[in-house]
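# Examining the three-dimensional arrangement
Residues per chain are reported as follows:
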Amino acid sequence: MTSGAELEGRTALITGAGSGIGREAAQLMAAAGATVVVCDLDAEGGGETVAQIEAAGGAAVFVGADVSRAADIEGAIEVAKQNGGLHILFNNAGIFPEADGSPPDTTEDVWDLVMNVNLKGVFLGCKYGIPAMIEAGGGSIINTASFVAVVGAATSQIAYTASKGGVLAMTREIAVEYARQGIRANALCPGPVNTPLLEEFLSDPKEKARRLVHIPMGRLAEASEIARAACFLASPASSYVNGSTFLVDGGITAAYVTPE
Ligand SMILES: NC(=O)c1ccc[n+]([C@@H]2O[C@H](COP(=O)([O-])OP(=O)(O)OC[C@H]3O[C@@H](n4cnc5c(N)ncnc54)[C@H](O)[C@@H]3O)[C@@H](O)[C@H]2O)c1
């Protein structure tokens, strides 16, 4: 976890910073001294994040961008460069559409949409972010995968799971390739988190219970608990953490039988 002004003089670009984990991470990184480029498709949510950071005395700027569009991401990286250079890149934006299910039930359109946002979006962030980060003298890339990148869910979400597996593999490769150029890259793998992304499930007590039974702690994570891990990966405190499958899952992937 970051403390004091640990990110002073750093600029962090966070995609999907208009809600959930991205918003919490934006607030924490700004509180640690970073200038935050708040990037989101949702201008209202992004604007709110910036307003909250500014109200707390931090520095932030909003960039409207669709992470699946190369020109948008290139533009967002440019904004980071104009605001001190790119030191931290948190590729966090992601979607989890209801229509994503078992392979026979999932349409090609849903598959393509999820891949474009969750996997291509992270690729584009790295494609344009890595040269900017090298220019800035190095930094930290945090790509959001998920615990489903390492374990399977019988409540199938095939495109989502495949996209997150891709993020995990891609992140490892980047971590290895750029380690000697001062760039660290880690895949943040949250367990289920209490954010708008899971709202649909959370509203159905049966669906919620179906998931809670597998979590040793018996509860979902809060967005701030995942954001603190992202801040750790962004900060010098994690200087030897590279290429990791950084699970923050309350012990889900360690569990066989959970407490009654
Ligand atoms: N919530 C969970 O249970 C959970 C678990 C594991 C991993 N994750 C991952 O964490 C990340 C953040 O999720 P969250 O729970 O905070 O979700 P969220 O829905 O609260 O926030 C996601 C943000 O991404 C933005 N976004 C969506 N598509 C975009 C696009 N094409 N371009 C730019 N921005 C876009 C949304 O507008 C929103 O502000 C996602 O990658 C998600 O897959 C979430």
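Refer to the structure presented above.
On a predicted model such as this, the values are computed, not experimentally measured, just so you know.

## What to know about the state of the cysteines
Under the criterion given, the structure shown has zero disulfides. Cysteine C189 shares no disulfide, and the gap to the nearest cysteine sulfur, in C126, comes to 14 Å. Taking relative accessible area as the criterion, C189 reaches 0% and is therefore assigned buried. Sulfur of C231: no disulfide; nearest cysteine sulfur belongs to C189 and is 17 Å away. Overall, the relative accessible area of 0% leaves C231 in the buried class.

## Concerning the packing of aromatic side chains
Throughout the structure, instances matching the rule amount to two aromatic pairs. Aromatic pair F96 and Y160: ring centres 4.8 Å apart, planes at 75°, arrangement edge-to-face. In this pair, F96 is assigned in the loop between β4 (88-91) and α4 (108-135) and Y160 in helix α5 (residues 158-178), connecting sequence segments 64 residues apart. Taking the relative accessible area as the measure of exposure, Y160 reaches 10% and is therefore buried.

## Remarks on the side chain of S244
Secondary-structure assignment places S244 in the loop between α8 (223-234) and β7 (245-248). Sequence-distant contacts of S244, that is, excluding residues within four places in its chain, are made with A185, N186 and A187.

## Here's the deal with the site of the ligand
Around the ligand sit 29 residues in total, of which S19, D40, Y160, V193 and T195 are the nearest. Protein burial of the ligand: of its 840 Å² of free accessible surface, 92% is covered by the chains. Put simply, the parts of the chain that give the shell around the ligand at least two residues each are α1 (20-31) and α5. Residues belonging to the shell around the ligand are distributed by class as follows: 15 nonpolar, ten polar and four charged.

Definitions and limits used
Residues numbered from 1 in each chain as written. Predicted model: local features only at pLDDT ≥ 70, side-chain atom pairs only at ≥ 80, totals over all residues. Heavy atoms only, no water. Disulfide = S-S within 2.5 Å. Buried < 20%, exposed > 50% of the residue type's maximum accessible area, 1.4 Å probe, protein only. Phe/Tyr/Trp six-rings, centres within 6.5 Å; stacked < 30°, edge-to-face > 60°. Helix = DSSP H or I, 4+ residues; strand = E, 2+ residues; numbered from the N terminus. Contact = heavy atoms within 4.5 Å. Near = heavy atom within 4 Å. Areas by Shrake-Rupley, 256 points an atom, 1.4 Å probe, with all protein chains shown as cover. Nonpolar A, V, L, I, M, F, W, Y, C, P; charged D, E, K, R; others polar.

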